[in-house]
Amino acid sequence: MNFAELHNQHQPLLIANVWDAASAVAAQRAGYQALGTSSAAIAATLGYEDGQGMSFNELFYVVTRIRAVSNLPLSVDMEAGYGDSAEEITANLKRLAQIGVSGVNLEDSRVVNGVRQLDDASDFSRNLRAVCNVLRSENYNLFLNIRTDTYLLGHESALQETLLRGQSYKAAGADGLFVPCLTSEKDISLIAEATGLPLNVMCMPDLPSFGRLKLAGVSRISMGNFVHSAIQSTLTDVMHTIRSSQTFEGLFGDENNR
C-alpha cells in the first residue's frame, strides 16, 4: 500500500510526527504506518523559532538522517515551501522526492515580522498549480497535503473560508487538505464532503476520538509538535530533579530494587 492509499483505509491514518532519527526509530518500533516531520519540533531542536527560521538545507539534512534509519513513508512539513517563488519551492520538493520522501505539507500562511498571516488564496492557488504542473509533468510522485490556517488563525468566517480555499486548492492539484485546530465534528463533516479531499486534522485538547473523526470524514490525524513538547517537558523535569536531589538514582527506575 503506497502513501496515498494509506489515506483510504478503514481507520484514519495516524501520522507519527518526528523531529530526528531517534524519534523516527521509536515511531517505527511502535508500529506506525507512516511518519511526518514537525517543523516546529525540528526548529526547536536546532534552536530556531518556527516559521522558516531555519534554512532548507538544515531541514534537508535532518530529513536525510530520518530516511537513513526508517523505511516508513515520510511526509515532510515544508511550511511555506522555503522559497519565494513556485520555481524555488518546486526545486526543494524535487530534492526531497529524490531521496525517497513520499509527501509534503505546504501551508497557506507565513510569518512576517513575527506575525503569522494568511496568504491571498488566489496567489497561493496559482503558485500551487505551477508547482503541481511541474512535478507531475516530470513524474515526481509526491502527496501534496495542503494546510490552510483559517482555524489556527481564528478567521472570522473560518468554515466558509476553509471551504473556498479547499475547493480552490483541489482544483490547483492538492492531494489532501490539512486544517490544524479544526475540532468541530459538524465543520469536519462539511469540509470533508464539500472538498472531496482526504482531510487531515491535528492533535488538540478537545479533538474528538479517532472513531468519531472517522465517522465525520477524517482520513489523516497528525500530532503536530505536541509529542515533542511533552518530551521536552519531561526532560526539563529530569534535569531539575537531578540538580535538586543531587543524585542520579531517579534515572534508573526500579533497577536498584532488583
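Here, every reference points to the structure presented above.
Computed from a predicted model, the values in this text were never measured in an experiment.

A few words on the nonpolar core. Core analysis: the biggest nonpolar cluster contains 59 residues, and M78, L93 and L96 have the highest contact counts within it. Beyond its immediate stretch of four places on either side in the chain, L96 contacts F56, F60, V63, V76, M78, V101 and V104. One finds L6, L13, A34 and F143 within the second-largest nonpolar core, a separate group that totals six residues.

Glancing now at the environment of L106. With respect to the element layout, L106 can be found in strand 5 (residues 103–107). Take L106: its relative accessible area is 6%, and that puts it in the buried class. Each C-alpha atom of the pair L106 and D77 lies 6.9 Å from the other, and the pair is 29 residues apart in sequence. Excluding its chain neighbours within four sequence positions, the residues that come into contact with L106 are M78, E79, A80, G81, I89, L93, F124, N145, I146 and R147.

Okay, the layout of surface pockets next. In this structure, the largest pocket spans a volume of roughly 410 Å³. Considering the residues around the largest pocket, the lining is formed by 24 residues, among which S39, A40, D50, D77 and R147 are closest to the centre. Secondary structure elements with two or more residues in the lining of the largest pocket: strand 3 (35–37), helix 2 (39–45), strand 4 (74–77), strand 11 (218–222) and helix 9 (226–245). For the lining of the largest pocket, the per-class residue count stands at seven nonpolar, eleven polar and six charged.

Under the definition given, this model contains four aromatic pairs. Seen in terms of ring centroids, F56 and Y82 are 6.2 Å apart; in terms of plane orientation they differ by 50°. Their pairing is tilted. Of this pair, F56 sits in helix 3 (residues 56–69) while Y82 sits in the loop between strand 4 and helix 4 (86–98); the two residues are 26 residues apart in sequence, bridging distant segments of the chain. Grouping residues by exposure puts F56 and Y82 together as buried. With centroids separated by 4.9 Å and ring planes inclined at 55°, the aromatic side chains of F124 and Y169 adopt a geometry described as tilted. Of the two residues, F124 sits in helix 5 (residues 121–137) while Y169 sits in helix 6 (residues 158–172), which places them 45 residues apart along the sequence. The class for F124 is buried, based on a relative accessible area of 11%. Its relative accessible area of 0% is what places Y169 among the buried residues. Aromatic ring contacts, followed pair by pair, group F56, F60 and Y82 into a single cluster.

If you walk across this open sheet you meet the nine strands as 1-11-10-9-8-5-4-3-2, and the pairing is parallel. Two strands close off the open sheet at either side, each with one partner strand: strand 1 (13–14) and strand 2 (16–18). As defined by bridge partners, strand 10 (residues 199–202) adjoins strand 11 across four bridges and the pair is classed as parallel. Residue pairing in the sheet places M202 in a bridge with S222 of strand 11.

Attention now moves to the environment of R165. For R165, the position within the fold is in helix 6. In this structure, the C-alpha to C-alpha distance between R165 and S125, residues 40 residues apart in sequence, is 8.4 Å. In this structure R165 touches D108, L118, D119, D120, A121, T148 and T150, once residues within four positions along its chain are discounted. A distance of 3.0 Å separates the side chain of R165 from the side chain of D108, its partner in a polar contact.

Attention shifts here to the pairing of strand 7 (residues 115–118). Consecutive residues of a regular strand have side chains that alternate between opposite faces of the sheet. Judged from the four bridges that link them, strand 6 (residues 109–112) and strand 7 form a sheet pairing that is antiparallel. By the bridge assignment for strand 7, S109 is matched with L118. Hairpin geometry of strand 6 and strand 7 is characterised by an intervening segment of two residues between the two adjacent antiparallel strands and by a positive phi of about 55° at N113.

The subject of this paragraph is helix 5. Taking 1.5 Å per residue as the helical rise, helix 5 with its 17 residues ought to reach 24 Å, and the 24 Å between its terminal C-alpha atoms agrees with that figure. For helix 5, every residue scored as buried is listed here: A121, F124, S125, L128, V131, C132 and L135. The buried residues of helix 5 occupy one face: seen down the axis, they fall within an arc of 130°. More than 90 degrees from the buried face of helix 5, the exposed residues found are R126 and S137. Where helix 5 is buried, its residues touch helix 4, strand 5, strand 8 (143–147) and helix 6. With a side-chain oxygen positioned 3.1 Å from the backbone nitrogen of S122, the residue opening helix 5 is D120. Remark: N139 follows helix 5 within two positions and exhibits a positive phi of approximately 60°.

What counts, and where the lines are drawn
- Residues numbered from 1 in each chain as written.
- Predicted model: local features only at pLDDT ≥ 70, side-chain atom pairs only at ≥ 80, totals over all residues.
- Heavy atoms only, no water.
- Core = buried A, V, L, I, M, F, W, Y, C linked by side-chain atoms within 4.5 Å.
- Buried < 20%, exposed > 50% of the residue type's maximum accessible area, 1.4 Å probe, protein only.
- Contact = heavy atoms within 4.5 Å.
- Helix = DSSP H or I, 4+ residues; strand = E, 2+ residues; numbered from the N terminus.
- 1 Å grid on protein atoms, 1.4 Å probe; cavity = no way out; pocket = protein on both sides within 12 Å on 5 of 7 lines; lining within 4 Å.
- Points joined across faces, edges and corners; volume = space filled by probe spheres on them.
- Nonpolar A, V, L, I, M, F, W, Y, C, P; charged D, E, K, R; others polar.
- Phe/Tyr/Trp six-rings, centres within 6.5 Å; stacked < 30°, edge-to-face > 60°.
- Pairing = 2+ DSSP bridges.
- Polar contact = N/O pair within 3.5 Å; in protein donor to acceptor, adjacent residues only side chain to side chain.
- Expected span 1.5 Å × (residues − 1).
- Arc of directions from axis to C-beta.

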